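# Working through the structure, step by step
Given next are the chains, with one letter for each unit.
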Number of protein chains: 2
Amino acid sequence: MIKVGIAGYGNLGRGVEAALAKNKDMELVGIFTRRDPATLTPKTPGAKAYALSDMASFKDKMDVVILCGGSATDLPVMTPQIAKDFNVIDSFDTHANIPTHFKNVDEAAKAGGNTAIISVGWDPGMFSISRLYGNAILTDGKDYTFWGRGVSQGHSDAVRRIEGVKDARQYTIPVPEAVEKVRNGENPELTTREKHTREVFVVAKEGADQAKIEKEIKEMPNYFSDYDTTVHFISQEELDRDHKGLPHGGSVIRTGTTGFDSENKHVIEYSLKLDSNPEFTGSVLVAYARAAVRMNEAGQTGCKTVFDVAPAMLMDMPYEEIIAHLL
Amino acid sequence: MIKVGIAGYGNLGRGVEAALAKNKDMELVGIFTRRDPATLTPKTPGAKAYALSDMASFKDKMDVVILCGGSATDLPVMTPQIAKDFNVIDSFDTHANIPTHFKNVDEAAKAGGNTAIISVGWDPGMFSISRLYGNAILTDGKDYTFWGRGVSQGHSDAVRRIEGVKDARQYTIPVPEAVEKVRNGENPELTTREKHTREVFVVAKEGADQAKIEKEIKEMPNYFSDYDTTVHFISQEELDRDHKGLPHGGSVIRTGTTGFDSENKHVIEYSLKLDSNPEFTGSVLVAYARAAVRMNEAGQTGCKTVFDVAPAMLMDMPYEEIIAHLL
């Protein structure tokens, strides 16, 4: 059994916990939190919550720790710190800061003789792998990534910070015509606006100026101003009833040509349709946690990404069976 | 520069040659053939054809050889033989014999200190990897593979062997309703007949009994009897004009659930739409040839499959750039 710790118990931490229950070779040792552990009730029968500050005392009791903090402030500190004592997995997704994060984690993991795999999930993660495979095969081609239909938590949070907004949910939606053009191998040049639209469901506070809220949303730089955005005002009951889930998904498409005269076209597409973004992400993290333990046993220490992990490392199945059943 | 040899110059060999021209870090050393080398005219400027029996004299002149023979009789002999002297890649696809082939190639490659990657292409190959990733992430789920719309060369050959048939082309076609059900996460149980149909274009010899040919095709065991098959009789001119290409493709779909009560559904799909099956397969072989050379340099000798190859090994790009651009 691979003994696993979870650090952080928000949506992602709960997704990892649910995924562990579906992996027979993994065992949850404990959930580590900065909150008062007594306030957490893990769903796993018999599982306990501990203070994050007590983790070091579990040094010989866990094979790997899955870090479920946020990329903005948690992981840049947490991942290097915990990688000194444990094999770790994180889902760091602040793209511009990945090289710095990689370097910090690499030093810590090497110092401790541990293996850390960063930026695991679906994007970055499975989408990244699909981009790489597509580029390696079709060297002469073009990449497209579409996200959605799905809930963007960052955009939902941004709307919630607007004055007069009580609650909100934002969906990112790929433009169907753009996706079709790409799938048909037309190689279109697409602006931000042509690729995705945004749809926002807002619960306004009593007496709030809805027209003002709508204008503020649509003109918000970076988040909304480059997109066609639709805003709906609904009641809290409607929001809770119809928009409680965290679905997501999307497609990575690589189109390219082969032949001495580039005369043959090819389309590679990897797509996801997910009912629960955190549970799917958690499932990816758990598979890579298995790989981290195995790579560590094989002496591969330091910081790694999904690009360094041979697919066979992810499976709870003997190699002979993998070849017989999946090749 | 990675120095590459091609063994065999049929459709696949020519596909590999075209792919090499699109990879700046690879150089074609020569094409090796059992035919009279003087009868071959490689498309690559300056490239030469040599007798397959002369390959041993190129021992220090090639980093890897891409084997483009057939799985029935060529590769079971060729791959172990050549793996003694060179790093090799093959596209062995006789599923039931992969374990034996693996063992024979492993012994030969280890004896020679070489790295061999077998069963590379899209199925087996990229489809296998997709099945593995899907299974590793959604441990509680179901796999579906659909092939087509595309030309099956084995089925086309089988039709050509029927008395009275001058030429023929067979297309394998997924049943759209079945694909839709799977994509919708309905988890259907599908029979062979419910998953694919077959369409055959036949050029009959003058005076041949078309009704008899059609009956023989539709009742052919293994190849056609389990499928709904449509047969069209056309002229050689029509066949040459409309059915000259070798398009193919298909989808690997994994559907599964997460959550303590399996309450959330997910669909992962990897799909290919290929104008030229041999050129796409050749492009995959070339990317894995690069990986074979690198794995050999890293001391990883013996027989490998796509499951053993970390994605980063496939790319002609420094690791820092891979992380910056593709993660």
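## As for the pattern of salt bridges
Residues and elements named next belong to chain B. In this structure the tally under the stated criterion is 38 salt bridges over all chains. The partner of Asp74 in a salt bridge is Arg34, and the shortest N-O contact between them spans 3.1 Å. Residue Asp74 is located in helix 2 (residues 74-83), and its partner Arg34 is located in the loop between strand 2 (26-33) and strand 3 (49-51); the two are separated by 40 residues in the primary sequence. Given the relative accessible area of 61%, Arg34 is considered exposed. Lys59 is paired through a salt bridge with Asp85; the nearest N and O atoms lie 4.0 Å apart.

## Concerning the interface of chain A and chain B
At the junction of the two partners, chain A supplies 69 residues and chain B supplies 69 residues. It is Lys22, Phe260 and Leu327 of chain A in chain A that bury the most area against chain B; as a group they hold 14% of the surface buried on that side. Applying the counting criterion to the chain A and chain B interface returns two salt bridges. With a shortest N-O distance of 2.7 Å, Asp140 of chain B and Lys22 of chain A are connected by a salt bridge.

## Observations regarding the relation of the copies chain A and chain B
Superposition record for chain A on chain B: RMSD 0.0 Å, screw rotation 180°, translation along axis 0.0 Å. Considering both components of the superposition, the chain copies are consistent with a two-fold axis. Of the residues that chain A buries at the interface, 100% are likewise interface residues in chain B, meaning the two copies contact each other through the same surface.

## Concerning the confidence of the model for chain A
Mean pLDDT over chain A stands at 97; residues scoring 70 or higher make up 100%. Per the prediction output, this complex has pTM 0.97; the corresponding ipTM is 0.97.

## What to know about the packing of aromatic side chains
In the structure shown here, the tally under the stated rule is 15 aromatic pairs over all chains. Relative to Phe127 of chain B, the ring of Trp122 of chain B has its centre 5.2 Å away and its plane inclined at 80°; by these criteria the two rings are edge-to-face. For the pair Trp122 of chain B and Phe127 of chain B, a shared accessibility class is recorded, and that class is buried. Among the aromatic residues, those joined into a cluster by ring pairs are Phe32, Tyr50 and Phe58 of chain A. For Arg198 of chain A, the ring lying beneath its charged end belongs to Tyr227 of chain A, and the centroid distance is 4.0 Å.

Reading guide: rules and limits
- Residues numbered from 1 in each chain as written.
- Chains lettered and ligands numbered in written order.
- Predicted model: local features only at pLDDT ≥ 70, side-chain atom pairs only at ≥ 80, totals over all residues.
- Heavy atoms only, no water.
- Salt bridge = Lys/Arg side-chain N within 4 Å of Asp/Glu carboxyl O.
- Helix = DSSP H or I, 4+ residues; strand = E, 2+ residues; numbered from the N terminus.
- Buried < 20%, exposed > 50% of the residue type's maximum accessible area, 1.4 Å probe, protein only.
- Contact = heavy atoms within 4.5 Å.
- Buried area = accessible area lost by both parts, 1.4 Å probe.
- Least-squares fit on C-alpha atoms with pLDDT ≥ 70 in both.
- pLDDT = per-residue confidence, 0-100.
- Phe/Tyr/Trp six-rings, centres within 6.5 Å; stacked < 30°, edge-to-face > 60°.
- Lys NZ or Arg CZ within 6 Å of the ring centre and 35° of its normal.

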